[in-house]
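Each chain, letter by letter, is given below.
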There are 2 protein chains.
Amino acid sequence: MKKTMTNRETAAFFRNHDRFLIINHRRPDGDAVGSAAALCLGLRQMGKSAWVWKNPETTERYQAYVKGLETEEIPENAVLVSVDLATENLLPLNGSAFAGKIRLAIDHHISNEFYAEDTNVDPKAAACGELLLDILKQLGPVSPAMADALYVAVSTDTGCFRYSNVTGNTLRTAGELKDLGADTYPINKALFDTKTIARLRLESALTDSAEFYAGGMVCLCSIPLNLMDEIGATEDDADDISGFPRSIYGVQIGVLIKELREGGAKLSLRTGPDYNASEICARLGGGGHKAAAGAQDQDGLASAKKRILAAIAESGVQLT
Amino acid sequence: MKKTMTNRETAAFFRNHDRFLIINHRRPDGDAVGSAAALCLGLRQMGKSAWVWKNPETTERYQAYVKGLETEEIPENAVLVSVDLATENLLPLNGSAFAGKIRLAIDHHISNEFYAEDTNVDPKAAACGELLLDILKQLGPVSPAMADALYVAVSTDTGCFRYSNVTGNTLRTAGELKDLGADTYPINKALFDTKTIARLRLESALTDSAEFYAGGMVCLCSIPLNLMDEIGATEDDADDISGFPRSIYGVQIGVLIKELREGGAKLSLRTGPDYNASEICARLGGGGHKAAAGAQDQDGLASAKKRILAAIAESGVQLT
């Protein structure tokens, strides 16, 4: 692994330059947008010139954080800084011209490809925002607006502190942001306590389709071909829907079967600690991780259902 | 307000006694169970004799934390200590005999009635568990099992850090518990990412019943009389369901109408920052807080719907 810049060196880098263009990644999440916004605000507060490259895929929920910070034109003599960008393959749709030209990358992905001239990557950090708080504190006071943006970064990358990537430092970072003025309640309400009506209709349909086996320990839900269109759901509405069956109380093996437009069906499995999704999916020619795996079926919904139940039974689960 | 014991004095109290019976409150939540469990474990680790009074209403999800710690018989010469108990009116169903006999109360409710001989109450703490970590650290090492129990306490009383009661200290406490060995991911998964199938069916029914007005800004959902029975939902499944309509993206005024067995209907309103639930409900003879209020209707669902929509319109909202 190439040498990683320290936070202190990164702070020095920002002191030593004057004009910055900050770039995040394709399909930007809260960490990408929040990190870019906080860094831009911090640099402007130092009297520097700084912009966030306008990412065409920034969703509505995050737009408030980059309001007044974005540019669609490349500023002259600006140093290019990426945040939360693991590889140049994930440059924003309108940012392919930046490939090979990033001067500094600040990131937390272990898969960072060291595409930039200098790289500050901390794979222990749950969010890029965690590094940025430490860097920004060395450059001046952290304003409430910066704290809000960094709180968005840290909370979204951890599912509001629920995921397994959370460390003691993540929670302490959030505590520090709260004390710096982050208005956490409305952010949490908007990001974690709100669902679109299409998402709710999708969950309703999955609930209606739920079949239980093994005394409720196995649950199978399905999404027929036209369901998404019928309820007006987008891919965004269906984000992480594969986890739905396993989120039902008592379910240790959750299966979601999605009928595919091109024919056949896609199977997604999620399992609790005592079961192995990858091993079950391997029986159908698929694979993945122990807790989350997938497989395909050529013939469609009914066939996929029959075959996955057989695979689960073969793995040693008594279905009835 | 009566004098509050400090955490240091509370630690000294535990050092100076040898036998303890720990009591929480009616319908115990995660803070009540987790605080009692952690304190009991900490005292036993010091070589003291300590038990948690078996609360008949402890729900299944929390029982693992008090396993092996509970007693149903009052131990001789034990000092009575309450945790998270604001008033003796909320003593456990089988604990009314403890009224007037609590030696020490550890609590975080501003409404604490100072019923005990000594009281350590910190209303700034989001959870009783927040105080207890500080007290227990003064008494010895905090084990992973104690950290788990305190994490349950702190996370449940804050809706996994989403509610407005969260402070910087709450999040730092959670970070410290994580570093002390709290296994936060499975706890979060069980407590915050799991719903019963009855709860999901209830949410499905509410989704199906949802009516939108004012361009999606007002949402009205209803629970007809027999719905709960039909889907096999208990009051536990319906916990905080009043918040459901307002959790739909775009909704600023969320109304839930529940038909009552005794006749009539109960109205619950939740509003965003620009609206006043209390003021709207007052038009129907009800009341509450700015963000959450309620009212009754004598005539039932259809009448309640008509009257609340009229009240919302009167408050200045253009419904169509």
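Look up: the structure comes first, before these words.
Below: a short report on this structure. Source: prediction; values computed, not measured.

Within chain A one finds eleven helices and twelve strands. The buried share among the 320 residues of chain A stands at 55%. Taking the contacts inside chain A whose residues are at least 6 apart along the sequence as the reference set, 63% of them involve residues at least 24 apart. Carbon and sulfur atoms make up 48% of the accessible area of chain A, which totals about 13700 Å². For chain A, the distance from the average site of its 33 positive side-chain charges to the average site of its 42 negative ones is 2 Å.

We now examine the interface of chain A and chain B. With 38 residues of chain A at the contact, the number on the chain B side is 37 residues. When the buried area of chain A at its contact with chain B is split by residue, Arg162(A), Leu171(A) and Tyr249(A) rank highest and sum to 19% of it. Where chain A meets chain B, there are 17 residue pairs in polar contact (both at pLDDT 80 or more). Breaking the side of chain A that touches chain B down by element, the ones donating at least two residues are α6 (168–179), α7 (184–192) and α8 (197–209) of chain A. Ranked by residues supplied to the side of chain A that touches chain B, first place goes to α6(A) with eight residues. A class-by-class count of the residues in the side of chain A that touches chain B yields 16 nonpolar, ten polar and twelve charged.

Across the interface, α8(A) lies against helix α8 (residues 197–209) of chain B with an axial gap of 9 Å and an inter-helix angle of 130°. The angle between α8(A) and α8(B) falls in the class oblique. Where α8(A) crosses over α8(B), the handedness of that crossing is left-handed. Here Ile197(A), Leu200(A), Arg201(A), Ser204(A), Thr207(A) and Asp208(A) of α8(A) lie close against α8(B), whose contacting residues are Ile197(B), Leu200(B), Arg201(B), Ser204(B), Thr207(B) and Asp208(B).

On to helix α2 (residues 30–45) of chain A, then. All names here are of chain A. In this model α2 runs 22 Å from its N-terminal to its C-terminal C-alpha over 16 residues, within 8% of the 22 Å that 1.5 Å per residue would give. For α2, the tally of buried residues reaches 13 of 16 residues, placing the bulk of the element in the interior. Just past α2, the residue Gly47 takes up positive phi, approximately 90°.

A few words on the nonpolar core. With 99 residues, the main nonpolar core has Phe14(A), Leu39(A), Ile106(A), Phe161(A), Phe14(B) and Phe161(B) as its most contacted residues. If we skip the residues at most four places from it in the chain, Phe161(A) touches Tyr151(A), Val154(A), Ser155(A), Val166(A), Thr170(A), Leu171(A), Ala174(A), Tyr151(B), Phe161(B), Leu171(B) and Asn188(B). Counting 25 residues, the second largest nonpolar core, distinct from the first, contains Met217(B), Val218(B), Ile280(B) and Leu309(B).

By the definition in use, this model includes nine aromatic pairs over all chains. Residues Phe13(A) and Phe14(A) carry aromatic rings whose centres are separated by 5.7 Å and whose planes lie at 85° to one another, so their mutual orientation is edge-to-face. Phe14(A) matches Phe13(A) in its accessibility class, with the two residues each being buried. Grouping aromatic residues by their ring pairs yields a cluster made of Tyr151(A), Phe161(A), Tyr151(B) and Phe161(B).

About the cut-offs
Residues numbered from 1 in each chain as written. Chains lettered and ligands numbered in written order. Predicted model: local features only at pLDDT ≥ 70, side-chain atom pairs only at ≥ 80, totals over all residues. Heavy atoms only, no water. Helix = DSSP H or I, 4+ residues; strand = E, 2+ residues; numbered from the N terminus. Buried < 20%, exposed > 50% of the residue type's maximum accessible area, 1.4 Å probe, protein only. Contact = heavy atoms within 4.5 Å. Areas by Shrake-Rupley, 256 points an atom, 1.4 Å probe, with all protein chains shown as cover. Lys, Arg positive; Asp, Glu negative; His and termini not counted. Charge placed at Lys NZ, Arg CZ, Asp CG, Glu CD. Buried area = accessible area lost by both parts, 1.4 Å probe. Polar contact = N/O pair within 3.5 Å; in protein donor to acceptor, adjacent residues only side chain to side chain. Nonpolar A, V, L, I, M, F, W, Y, C, P; charged D, E, K, R; others polar. Axes fitted to C-alpha atoms, helices over the stretch in contact; angles between N-to-C directions. Parallel < 35°, antiparallel > 145°, perpendicular 65-115°, else oblique. Left-handed = near helix turned anticlockwise from the far one by under 90°. Expected span 1.5 Å × (residues − 1). Core = buried A, V, L, I, M, F, W, Y, C linked by side-chain atoms within 4.5 Å. Phe/Tyr/Trp six-rings, centres within 6.5 Å; stacked < 30°, edge-to-face > 60°.

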